[in-house]
Amino acid sequence: GYKQHVNESGLIQMVQNDMPVADSMYQQTGTHTVERDITANAAYAVPLGKAGQVQLQYDLTSRYASSGRNNYSSSDPGQPGIAPQTTVFNKFSTTALIQKAGVFYRLRKSTADVSMGLFVQHAGQQLQQQQPTVFSAGHTYRNVVPVLSAQYYFTPAKTVQLMYMPNAALPEVSQL
């Protein structure tokens, strides 16, 4: 998937008789966020008994996200945004490689379908900050995530489904 968010705003403040009415600066701020995910997965299932099935699953996700905030000011509203206010700039990006492997058991009967399993997740995330200072950091996350799904068929048109599928999410670029 791909997401992009841009937010920009400006503020003009006036000066009268060399006295600021509110402030003497024109400021222009903006934030910019880009996120890209590429995911691939594979699954292999084998029958187990008359109604059972064992499934192995592997998911791989590569994630890139960048975010930035800038602030420019000028004393002339006719020339907005020419002097960068570097103390309120920030620009950083994260890359992550997320691997999930799981094993599931599924039992199918005429009135019910039950599946239970376990995912093991390993994710490495790298942070690169370019402004206001250059900084790099990395962290590895490991999680065990149980999965449970049950579906009961009262009639072909009436079913009840219960699912427990937690997700261990990495911090978003805006949270870092």
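Since the structure is predicted, the reported quantities are computational estimates derived from the model, not experimental observations.

What counts, and where the lines are drawn
- Numbering of residues starts from 1 in every chain and runs along the sequence as written.
- Under the rules for a predicted model, residues below a pLDDT of 70 receive no local features and side-chain atom pairs below 80 are neither given nor counted, while totals for whole chains, interfaces and linings still include all residues.
- Working from all heavy atoms in the structure, the side-chain values ignore hydrogens and water.
- The way it works is that DSSP assigns letters per residue, a run of H or I at least four long becomes a helix, a run of E at least two long becomes a strand, and they are numbered from the N terminus.
- We call two residues contacting when some pair of their heavy atoms lies within 4.5 Å.
- Pairing between two strands is assigned when DSSP locates at least 2 bridges connecting them.
- Whenever Lys or Arg places a side-chain nitrogen within 4 Å of a carboxyl oxygen from Asp or Glu, that contact is recorded as a salt bridge.
- Buried residues are those whose accessible area, probed at 1.4 Å on protein chains only, stays under 20% of the maximum for their type, while exposed residues exceed 50% and partly exposed ones sit between those limits.
- We call Phe, Tyr and Trp rings a pair once their centres come within 6.5 Å, taking the six-membered ring for Trp, and we label the pair stacked below 30 degrees between planes, edge-to-face above 60, and tilted otherwise.
- In our convention, an over-ring charge means Lys NZ or Arg CZ found within 6 Å of a ring centre and within 35 degrees of that ring's normal.
- Excluding any residue in a salt bridge, patches collect residues exceeding 30% relative accessible area, merging like charges within 9 Å and nonpolar Val, Leu, Ile, Met, Phe, Trp and Tyr side chains within 5 Å.
- What sets the accessible areas is the Shrake-Rupley method with a 1.4 Å probe; for residues, cover comes only from the shown protein chains.

**Concerning the side chain of Gln121**
Here is step 1 of the chain: Topologically, Gln121 is positioned in strand β8 (residues 112-131).
Here is step 2 of the chain: In this structure Gln121 touches Ile98, Gln99, Lys100, Tyr141, Arg142, Asn143, Asn167 and Ala168, once residues within four positions along its chain are discounted.

**So, the pairing of β8**
Here is step 1 of the chain: Examined bridge by bridge, strand β7 (residues 90-108) and β8 share 18 bridges and lie antiparallel to one another. Paired with Lys100 across the bridge in β8 is Gln121.
Here is step 2 of the chain: Following β7, the chain reverses through 3 residues before pairing antiparallel with β8.
Here is step 3 of the chain: Judged from the 18 bridges that link them, β8 and strand β9 (residues 135-155) form a sheet pairing that is antiparallel. From the neighbouring strand, Asp113 faces β9, where its bridge partner is Gln151.
Here is step 4 of the chain: Here β8 folds back onto β9 in antiparallel fashion, the turn holding 3 residues.

**Thoughts on the pattern of salt bridges**
Here is step 1 of the chain: A complete count under the given rule lists 2 salt bridges for this structure.
Here is step 2 of the chain: Among the ionic pairs, Arg63 bridges to Asp37, the shortest N-O distance being 2.9 Å. With Arg63 in strand β5 (residues 52-74) and Asp37 in strand β4 (residues 26-48), this pair connects stretches of sequence that are 26 residues apart.
Here is step 3 of the chain: We classify Asp37 as partly exposed; its relative accessible area is 28%.

**Here we look at the packing of aromatic side chains**
Here is step 1 of the chain: Per the counting criterion, the structure on display carries 2 aromatic pairs.
Here is step 2 of the chain: Aromatic pair Phe104 and Phe119: ring centres 5.2 Å apart, planes at 80°, arrangement edge-to-face. With a gap of 15 residues between them, Phe104 in strand β7 and Phe119 in strand β8 connect regions that are remote in the sequence. Grouping residues by exposure puts Phe104 and Phe119 together as buried.
Here is step 3 of the chain: With a centroid separation of 4.8 Å and an interplanar angle of 75°, the aromatic rings of Tyr152 and Phe154 are classed as edge-to-face.
Here is step 4 of the chain: Its guanidinium or amino end placed over the ring of Phe119, Lys100 lies 4.6 Å from that ring's centre, counting from NZ or CZ.

**Some details on the pairing of strand β10 (residues 158-164)**
Here is step 1 of the chain: As judged from the 7 bridges shared by β9 and β10, these two strands associate in the antiparallel manner. From the neighbouring strand, Thr155 faces β10, where its bridge partner is Lys158.
Here is step 2 of the chain: A loop of 2 residues connects β9 with β10, the two strands running antiparallel in sequence.

**Re the side chain of Ser149**
Here is step 1 of the chain: Relative to the elements of secondary structure, Ser149 occurs in strand β9.
Here is step 2 of the chain: Assessed through its relative accessible area of 14%, Ser149 is described here as buried.
Here is step 3 of the chain: In contact with Ser149, not counting residues within four places along its chain, are Asp113, Val114, Ser115, Gln161, Leu162, Met163 and Met165.

**Remarks on a nonpolar patch on the surface**
Here is step 1 of the chain: On the surface, a cluster of nonpolar side chains totalling about 620 Å² of accessible area is made up of Tyr44, Val46, Leu56, Val103, Leu118, Val120 and Val144.
Here is step 2 of the chain: Positionally, Leu118 belongs in strand β8.
Here is step 3 of the chain: Judged by relative accessible area, Leu118 falls into the partly exposed class, the value being 39%.

**Some words on the environment of Leu162**
Here is step 1 of the chain: Within the element layout of this structure, Leu162 appears in strand β10.
Here is step 2 of the chain: Sequence separation of Leu162 and Ser149 is 13 residues, and the distance between their C-alpha atoms is 5.7 Å.
Here is step 3 of the chain: Apart from residues no more than four positions distant in its own chain, Leu162 is found in contact with Leu148, Ser149 and Ala150.

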